[in-house]
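# A closer look at the structure
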Amino acid sequence: MASENPEFVVAPTVENGGAESSFRGKDEPLETELSKKLEVTEDEDGKQENVEDEEEEGSKAETSTKKKKKKKNKSKKKTQQTEPPSIPVVKLFPSGEFPEGEIQQYKDDNLWRTTSEEKRDLERLQKPIYNSVRQAAEVHRQVRKYVRSIVKPGMLMTDICETLEDTVRKLISENGLKAGIAFPTGCSLNWVAAHWTPNSGDKTVLQYDDVMKLDFGTHIDGHIIDCAFTVAFNPMYDPLLAASREATYTGIKEAGIDVRLCDIGAAIQEVMESYEVEINGKVFPVKSIRNLNGHSIGPYQIHAGKSVPIVKGGEQTKMEEGEFYAIETFGSTGKGYVREDLECSHYMKNFDIGHVPLRLPRAKQLLATINNNFSTLAFCRRYLDRIGETKYLMALKNLCDAGIVEPYPPLCDVKGSYVSQFEHTILLRPTCKEVLSKGDDY
């Protein structure tokens, strides 16, 4: 620092003065002046050093506060879902990794799978598929949480369905056949067990004493989440809801690789029929609906060939590694048997159908629309209306008559009875069983 001060350098100069004697010949005042100058420069240098030290400390303090601010900003940047939900789920998980469902370990003869390195390697290969279906499951959880919070007596069934479906479209970032709704929203009431959704113009209103089954599906790249729950405002129906909920949990618990489907049905029926419900002073035993089943799920195929009964005496077929299943149970205060009734709203293109010649140009045009928008996923009349189709009923009937499209009319128990339903999608992974659609609600 001293070398930067010009006064200190110039003072002792001898080169221009000539001889050494001239320097010695100076009297004491010169020495005192020099000593004063040296003291002054030292004082100034000390002050400068102190100033620079203070500046360094200040700059360090500033950088540390900036770092703290940056850290705080990073923590604030984590995106939170809005109310009502509107942010796509993919933005809530920037890493692209979606949360696992509930993990249940295999038991008995399949315990070895938990620690098998070979089976873990198989799972790593399937990771992209697992992640896709987990994304669909996360959308389902968030949508049903919102819908459960807003549904109340007096709402139009059409409004409930359209609100639910619009929320699914936003959260899943609907993209043609790559991501979207897997099948129409079932909102079957009371003795109607399944496959009812309002057609356009339907004015049905939800009542306080209704028992509504909300069954909706989401998919990513054809990997489907099929999950349902029951809404009842009157606490009188609580035992009926508890029966199907616990029966579904039992079915999930019993499911596993190499488990026979009939054994699952027997366990479900035992739990279901241990319940009874008192409705308006009359006690009804809760019955499993014997001609409704859970089912295996395939890519773009909601019913993939295997049925999971909910009564004893079903198929001896076994579950296999890597399969997806919808485990669903229906408890009824009626006969425990459903039949087709009421106006049809659900349709689905036959998965295995080849080329079938069609004579009606309008039927050909409608089939092209179905192929482009739904492929082999289920749809309803409201969905056709939404994409701009009009006057299509004759063409749709022609496709049904030709066996290209299959109608799925509402399934009803006896009038005056009540049916409840709960359903989850499970995956039989090589090392464990994952309940993909499980949430905090059920």
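Every residue gets a number counted from 1 within its own chain, in the order that chain's sequence is written. Since the coordinates come from a predicted model, pLDDT governs what is reported: local features require at least 70, and pairs of side-chain atoms require 80 or more to be given and counted, while whole-chain, interface and lining totals use all residues. Side-chain metrics rest on all non-hydrogen atoms present in the structure, leaving aside hydrogens and water.

Another aspect to go through is the overall build of the chain. A count of helical and extended segments in the chain gives 12 helices and 18 strands. Taken across its 442 residues, the chain has 46% of its residues classed as buried. Residue contacts are defined here by distance: any two heavy atoms, one from each residue, within 4.5 Å place the two residues in contact. For the chain, contacts bridging at least 24 residues in sequence account for 77% of all contacts bridging at least 6. Helix numbers and strand numbers start at the N terminus; a helix is a DSSP run of H or I with at least 4 residues, a strand a run of E with at least 2. The buried label goes to any residue with under 20% of its type's maximum accessible area, the exposed label to any with over 50%, and the partly exposed label to all in between, with areas taken from a 1.4 Å probe on protein chains only.

In this section: helix 12 (residues 393–401). Buried residues of helix 12: Ala 395, Leu 396, Leu 399 and Cys 400, and no others. Looking straight down helix 12, one finds that the buried residues subtend no more than 145° of arc, so they occupy a single side. Residues of helix 12 that are exposed and point more than 90 degrees away from the buried face comprise Met 394 and Asp 401. On its buried side, helix 12 packs onto strand 13 (346–349), helix 10 (361–373), strand 14 (379–380) and strand 15 (405–408). One or two steps after helix 12, the chain reaches Gly 403, where phi turns positive at roughly 80°. Relevant arc is that of directions from the helix axis to the C-beta atoms, nothing else.

Glancing now at the confidence of the model for the chain. Per-residue confidence from the predictor is reported as pLDDT, a score between 0 and 100. Taken over all residues, the pLDDT of the chain has a mean of 87, while the share at 70 or more is 83%. Segment residues 1–56 is flagged for pLDDT under 50; beyond a separation of four residues in sequence, or across chains, it makes 10 contacts in the model. Note on residues 59–75: pLDDT under 50 across the span, and zero contacts to partners over four residues away in sequence or across chains.

Strands pair, by our definition, only if DSSP identifies at least two bridges between them. Ordered in space as 14-13-15, the three strands form an open sheet in which the pairing is antiparallel. On the outer flanks of this sheet lie strand 14 and strand 15, each paired with one strand and no other. In terms of strand pairing, strand 13 meets strand 15 through four bridges, oriented antiparallel. Opposite His 346, over in strand 15, you have Tyr 408 as the bridge partner. Axis definition: a line fitted to C-alpha atoms, over the contacting stretch in the case of helices. Angles run 0 to 180 degrees between N-to-C directions. Against the sheet, helix 12 touches strand 13, strand 14 and strand 15, its axis set at about 105° to strand 15.

Let us look at the sheet that holds strand 3 (residues 192–194). The strand order 3-16-12 describes an open sheet built from three strands, whose pairing is antiparallel. Edge strands, defined here as strands with exactly one partner in the open sheet, are strand 3 and strand 12 (339–340).

In terms of residue burial, strand 4 (residues 211–220) counts as a mostly covered element, since 10 of its 10 residues are buried. Judged by which residues are buried, strand 4 turns out to be covered on both faces: Val 211, Lys 213, Asp 215, Gly 217 and His 219 on one side and Met 212, Leu 214, Phe 216, Thr 218 and Ile 220 on the other are all buried. Judged from the eight bridges that link them, strand 2 (residues 179–189) and strand 4 form a sheet pairing that is antiparallel. Paired with Gly 180 across the strands is His 219, a residue of strand 4. Of the pairings in the sheet, the one linking strand 4 to strand 5 (residues 223–232) comprises 10 bridges and is antiparallel in character.

Moving on, we come to the packing of helix 6 (residues 127–150) against helix 7 (residues 157–171). Here helix 6 crosses helix 7 at 150°, and the two axes come no closer than 10 Å. In this structure, helix 6 crosses over helix 7, and the sense of that crossing is right-handed. Side by side, helix 6 and helix 7 meet where Val 139, Gln 142, Val 143, Tyr 146, Val 147 and Ile 150 of the first sit next to Thr 163, Leu 164, Thr 167, Val 168 and Leu 171 of the second. Classification convention: Asp, Glu, Lys, Arg as charged; Ala, Val, Leu, Ile, Met, Phe, Trp, Tyr, Cys, Pro as nonpolar; all other residues, Gly among them, as polar. Of the residues that constitute the contact of helix 6 with helix 7, the class distribution is eight nonpolar, three polar and no charged. Each helix crossing is assigned a hand: it is left-handed if the near helix lies turned anticlockwise from the far helix by less than a right angle, otherwise right-handed if that turn is clockwise.

Look at helix 5 (residues 117–125) against helix 6: their axes get within 4 Å of each other, and the N-to-C directions meet at 60°. On the basis of the axis angle, helix 5 is oblique to helix 6. Along the contact surface, helix 5 presents Glu 123, Arg 124 and Leu 125, while helix 6 presents Lys 127, Pro 128 and Tyr 130. The residue inventory of the contact of helix 5 with helix 6, partitioned by class, reads three nonpolar, no polar and three charged. Here roughly perpendicular refers to angles of 65 to 115 degrees, roughly parallel to angles under 35, roughly antiparallel to angles over 145, and oblique to all remaining angles.

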